[in-house]
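Listed here are the chains, written in short residue letters.
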Amino acid sequence: MRVLESRYVDDAGTPATLVVHLSKFTTAEGAYAMFTTRVVGDGDPAGEAAPRPIEAGFIGALGVNNAYVVRGPYLAEIVFTDETAGSAAALRAAADPHVLPLAKEIGAKLSGDPAPPPAAVALPTASRLPLGVRYHTRDMFGIA
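The notes below deal with the structure included here. (Residues numbered from 1 in each chain as written. Predicted model: local features only at pLDDT ≥ 70, side-chain atom pairs only at ≥ 80, totals over all residues. Heavy atoms only, no water.)

From N to C terminus, the chain includes three helices and six strands. In the chain, the order of α-helices and β-strands from amino to carboxyl end is β-β-α-β-β-β-β-α-α. The C-alpha radius of gyration computed for the chain amounts to 16 Å, which stays within 12% of the reference 15 Å derived for 144 residues, consistent with globular compactness. Scored against the burial criterion, the 144 residues of the chain give a buried share of 39%. If you take every contact in the chain between residues at least 6 apart in sequence, the share linking residues at least 24 apart comes to 64%. For the chain, the exposed surface amounts to about 8,300 Å²; the carbon and sulfur share of it is 55%. When the 12 basic and 15 acidic side-chain charges of the chain are each reduced to a single mean position, those positions are 7 Å apart. (Helix = DSSP H or I, 4+ residues; strand = E, 2+ residues; numbered from the N terminus. Rg over C-alpha atoms; globule rule 2.2 N^0.38 Å. Buried < 20%, exposed > 50% of the residue type's maximum accessible area, 1.4 Å probe, protein only. Contact = heavy atoms within 4.5 Å. Areas by Shrake-Rupley, 256 points an atom, 1.4 Å probe, with all protein chains shown as cover. Lys, Arg positive; Asp, Glu negative; His and termini not counted. Charge placed at Lys NZ, Arg CZ, Asp CG, Glu CD.)

Structure follows, in structure tokens:
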């Protein structure tokens, strides 16, 4: 696995920052597994706090101040922070105009197959929740 990080600061001098972590996994299955771990975790994918699905590459998720995008072996994690935002609603309002377009642009530019892994495609779609899949792989990072 390889990880790159880019950090952006607001040139207007506010404390707002945007950090992008781009991970390249050995397989698309590994990237998708980490995506579902980050998005679903141990939470309820139908809960109010669950990330919202977005169109970005193969699949993306938008949280309060962050986004995740997966395509092929790549996973991009985008996090916006602003200490002055106050409430979660204010943070989301400040983050969305920066995070959402960046997530879509990154997803469009990543190489790799935009299709889900074959095992995820084989899952039944009836009554499936958006972002409701939790995908596990064997031997993550080549470690048995």
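Once you've had a look at it, read on.
Quick look at the nonpolar core now. Nonpolar side chains tend to gather and get buried jointly when the protein is soluble and globular. With 19 residues, the main nonpolar core has Ile78, Phe80, Val99, Ala103 and Ile106 as its most contacted residues. Broken down by element, this core gets its largest block of residues, five residues, from helix H2 (residues 88-109). Setting aside anything within four residues of it in sequence, one finds Ala103 in contact with Ile54, Ala56, Ala67, Val69 and Ile78. With 15 residues, the next largest nonpolar core counts Ala31, Phe58, Ala120 and Val133 among its residues. (Core = buried A, V, L, I, M, F, W, Y, C linked by side-chain atoms within 4.5 Å.)

Here the focus is the sheet that holds strand S6 (residues 74-81). Ordered by their spatial adjacency, six strands build an open sheet running S1-S2-S6-S5-S4-S3, and the pairing between neighbours is antiparallel. Where the open sheet ends on each side, the last strands, each with one partner, are strand S1 (2-9) and strand S3 (52-54). Taking each pair of neighbouring strands and ignoring which way they run, the sheet shows an average axis angle of 15°. Sheet analysis places strand S5 (residues 66-71) next to S6, joined by six bridges and oriented antiparallel. Bridged to Val69 within S6 is Ala76. Its contacts with the sheet put helix H1 (residues 28-39) on strand S4 (59-62), S5 and S6, and the angle it makes with S5 is roughly 160°. Lying on the sheet, H2 is in contact with strand S2 (17-24), S3, S4, S5 and S6; it crosses S6 at an angle near 160°. (Pairing = 2+ DSSP bridges. Axes fitted to C-alpha atoms, helices over the stretch in contact; angles between N-to-C directions.)

Further remarks concern the side chain of Asn65. With respect to the secondary-structure elements, Asn65 resides in the loop between S4 and S5. At 2.7 Å, the side chain of Asn65 and the backbone oxygen of Phe80 are in polar contact. Once you skip the residues sitting within four places of it in the chain, Asn65 turns out to touch Ile78, Val79, Phe80, Thr81, Leu91, Ala95 and Val99. (Polar contact = N/O pair within 3.5 Å; in protein donor to acceptor, adjacent residues only side chain to side chain.)

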